[in-house]
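Each chain, letter by letter, is given below.
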Amino acid sequence: MKPGTKAIHAGQHPDAGFGAIMTPIYCTSTYVQPYPAEVHDGYDYSRGKNPTRTALQENLAALEDGAHGLAFSSGLAAIHTVMQTLAPGDHVVGGGDLYGGTYRLFSKVMTKFGVDFTFVDTTDLAALEAALTDKTKIVWIETPTNPLLRITDIAAVADLTHAHGARLCVDNTFATPMLQRPLDLGADLVMHSVTKYLGGHSDVIMGALVLNDDAWAEELEFLQFAVGAVPGPMDCFLVLRGTKTLHLRMERHCENARAIAKHLDAHAAVAKVIYPGLEGHAGHAIAARQMDDFGGMVSFVAKGSVADGMDLCSRTKVFALAESLGGVESLIEHPPSMTHASIPAEQRRASGLDDGLVRLSVGVEHIDDLIEDLDQALAGSGRG
Ligand SMILES: *Cc1c(COP(=O)(O)O)cnc(C)c1O
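Residues numbered from 1 in each chain as written. Predicted model: local features only at pLDDT ≥ 70, side-chain atom pairs only at ≥ 80, totals over all residues. Heavy atoms only, no water.

Novice: Any details on the pattern of salt bridges? Residues and values, ideally.
Specialist: Summed over the entire model, instances satisfying the criterion amount to twelve salt bridges. The partner of Asp-65 in a salt bridge is Lys-6, with the nearest N and O atoms 2.6 Å apart. A residue pair is termed long-range when its members are at least 10 positions apart, and Asp-65 in the loop between α2 (51–63) and β1 (68–72) and Lys-6 in helix α1 (residues 3–9) qualify at 59 residues. Given a relative accessible area of 14%, Lys-6 falls into the buried group. (Salt bridge = Lys/Arg side-chain N within 4 Å of Asp/Glu carboxyl O. Helix = DSSP H or I, 4+ residues; strand = E, 2+ residues; numbered from the N terminus. Buried < 20%, exposed > 50% of the residue type's maximum accessible area, 1.4 Å probe, protein only.)

Novice: How would you summarise the side chain of Asp-153 if you had to cite specific residues and measurements?
Specialist: Turning to its location among the elements, Asp-153 is positioned in the loop between β4 (136–142) and α6 (154–163). For Asp-153, the side chain forms a polar contact with the side chain of Arg-289, separated by 2.9 Å. Once you skip the residues sitting within four places of it in the chain, Asp-153 turns out to touch Ile-286, Arg-289 and Gln-290. (Polar contact = N/O pair within 3.5 Å; in protein donor to acceptor, adjacent residues only side chain to side chain. Contact = heavy atoms within 4.5 Å.)

Novice: Lay out the site of the ligand in plain terms, naming residues and giving numbers.
Specialist: In the vicinity of the ligand, the contacting residues are Ser-74, Gly-75, Leu-76, Tyr-99, Glu-142, Asp-171, Thr-173, Phe-174, Ser-193, Thr-195, Lys-196 and Met-206. Residue Leu-76 places a main-chain N or O atom 2.9 Å away from an oxygen atom belonging to the ligand. Take Thr-195: an N or O atom from its side chain is 2.7 Å from an oxygen atom of the ligand. Bound to the protein, the ligand loses 93% of the 380 Å² it would expose on its own. Tallied by class, the residues present in the shell around the ligand amount to four nonpolar, five polar and three charged. (Near = heavy atom within 4 Å. Areas by Shrake-Rupley, 256 points an atom, 1.4 Å probe, with all protein chains shown as cover. Nonpolar A, V, L, I, M, F, W, Y, C, P; charged D, E, K, R; others polar.)

Novice: Explain the side chain of Glu-142 to me, using residue names and the numbers behind them.
Specialist: You can see Glu-142 is positioned in strand β4. Although buried, Glu-142 forms no salt bridge, and the nearest oppositely charged side chain, Arg-359, lies 8.6 Å from it. Sequence-distant contacts of Glu-142, that is, excluding residues within four places in its chain, are made with Asp-97, Leu-98, Tyr-99, Thr-102, Thr-152 and Asp-171. (Lys, Arg positive; Asp, Glu negative; His and termini not counted.)

Novice: Outline the domain arrangement of the protein, supporting the account with residue identities and numerical values.
Specialist: Taken as a whole, the protein is organised into domain 1 (3–243) and domain 2 (246–379). The centre of domain 1, based on its C-alpha atoms, is set 26 Å off from the matching centre of domain 2. Counting residues at the interface gives 34 residues for domain 1 and 39 residues for domain 2. Overall, the association of domain 1 and domain 2 removes approximately 3000 Å² of surface from exposure, summing both partners, and the carbon and sulfur fraction of that is 61%. At the surface where domain 1 touches domain 2, the tally comes to two salt bridges. Residue Asp-292 is joined to Arg-181 by a salt bridge in which the shortest nitrogen-to-oxygen separation is 3.0 Å. Seen at the junction of domain 1 and domain 2, the total is 17 residue pairs in polar contact (both at pLDDT 80 or more). Elements with a minimum of two residues in the side of domain 1 that touches domain 2: α1 and α8 (233–243). (Domains from an automatic or database assignment. Buried area = accessible area lost by both parts, 1.4 Å probe.)

Novice: Describe the state of the cysteines, listing the residues and the values that go with them.
Specialist: What the rule picks out here adds up to zero disulfides. The closest cysteine sulfur to the non-disulfide-bonded Cys-27 is located on Cys-236, 10 Å from its own sulfur. (Disulfide = S-S within 2.5 Å.)

Novice: Would you mind going over the environment of Ile-332 in detail, with residue names and values included?
Specialist: By secondary structure assignment, the location of Ile-332 is in strand β11 (residues 331–333). Taking C-alpha positions, Ile-332 is 25 Å from Met-191, a pair spaced 141 residues apart along the chain. If sequence neighbours within four positions are ignored, Ile-332 has contacts with Cys-313, Thr-316, Phe-319, Ala-320, Leu-321, Ala-322, Val-358, Arg-359 and Leu-360.

Novice: Lay out the environment of Glu-221 in plain terms, naming residues and giving numbers.
Specialist: Positionally, Glu-221 belongs in helix α7 (residues 214–227). The class for Glu-221 is partly exposed, based on a relative accessible area of 44%. For the pair formed by Glu-221 and Ala-71, sequence separation is 150 residues and the distance between their alpha carbons is 9.7 Å.

As structure tokens, this is what we get:
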């Protein structure tokens, strides 16, 4: 089955009671049993299993070409559950500009449990190789990264990781399975902040894991139940509604982002544009090979001072000034003072994150309105 068909049908079965075509929202904590210790297909308590969640988990697994899907109450809860498969003394190599919350979970929480971390720029394979030790159990990467949209070669990193006996986990939030399927490229596990493109409508916080390894999946499923960071059935329903249009939305996100990147690249008031679809982008060739398209995120630096860049973010009228990304509506933000403010300024600059950087989550509105909005914001001055 092709991705767009899977998005609509995978994991979806007409309801047995009435033939409802949409998966019902099973708002139930418990299930009536016919006899002690006899349960309906494993459904005895909704922390363990809920039919709306099962439908979503099967849908997400199919989209990522994986055998097992697991949904969590947030992206970070999903990552934390992977970390819970580790033991004190284990080592993790993390990519260079990981999502701030992932970096915080690794460096401020997991280190308390004796797990060690090394962070390296995984676009540099030699640096990655030097960071791997005989204690390394997991390599955790994002590609494209946030907000610099750096591209890591997933297949090459998978080979290197496996040669050292470790597992590769890829946070596929920015690309979505419509543009990139890490398991097919050799990764062992895919993680999503479902909150972003998969949900797609800025109305749910959720996370997910997809993998093929049966034994690891069983361990993660045990932890999902034993630790209990599960999403509710209403949220699972909303995300199922979201994934049904993921292929359509991603097409428009990519088309709009490409047009905006080209427009800004030629704009007299713009100093620099970062978009993997531009030929001048350092990761363009790898992105063109491992992705089906280049995504909906665009970063740029306007000419002028840092304050000018911050003012610009307050002057847009269609682009809303807000954190997060991946919804149908376009968003604009200033990472150094917002999403990435928790990273010390020196470290931010060292990683190439300009103090004046502006990040766009390009939505699915009409492109003319988006370009007109950016043009008027670039032409103006002062706070909006
Ligand atoms: C938002 C995000 C997360 C965290 O997910 P939550 O759903 O907010 O917990 C992790 N990785 C990336 C790339 C994200 O954008």
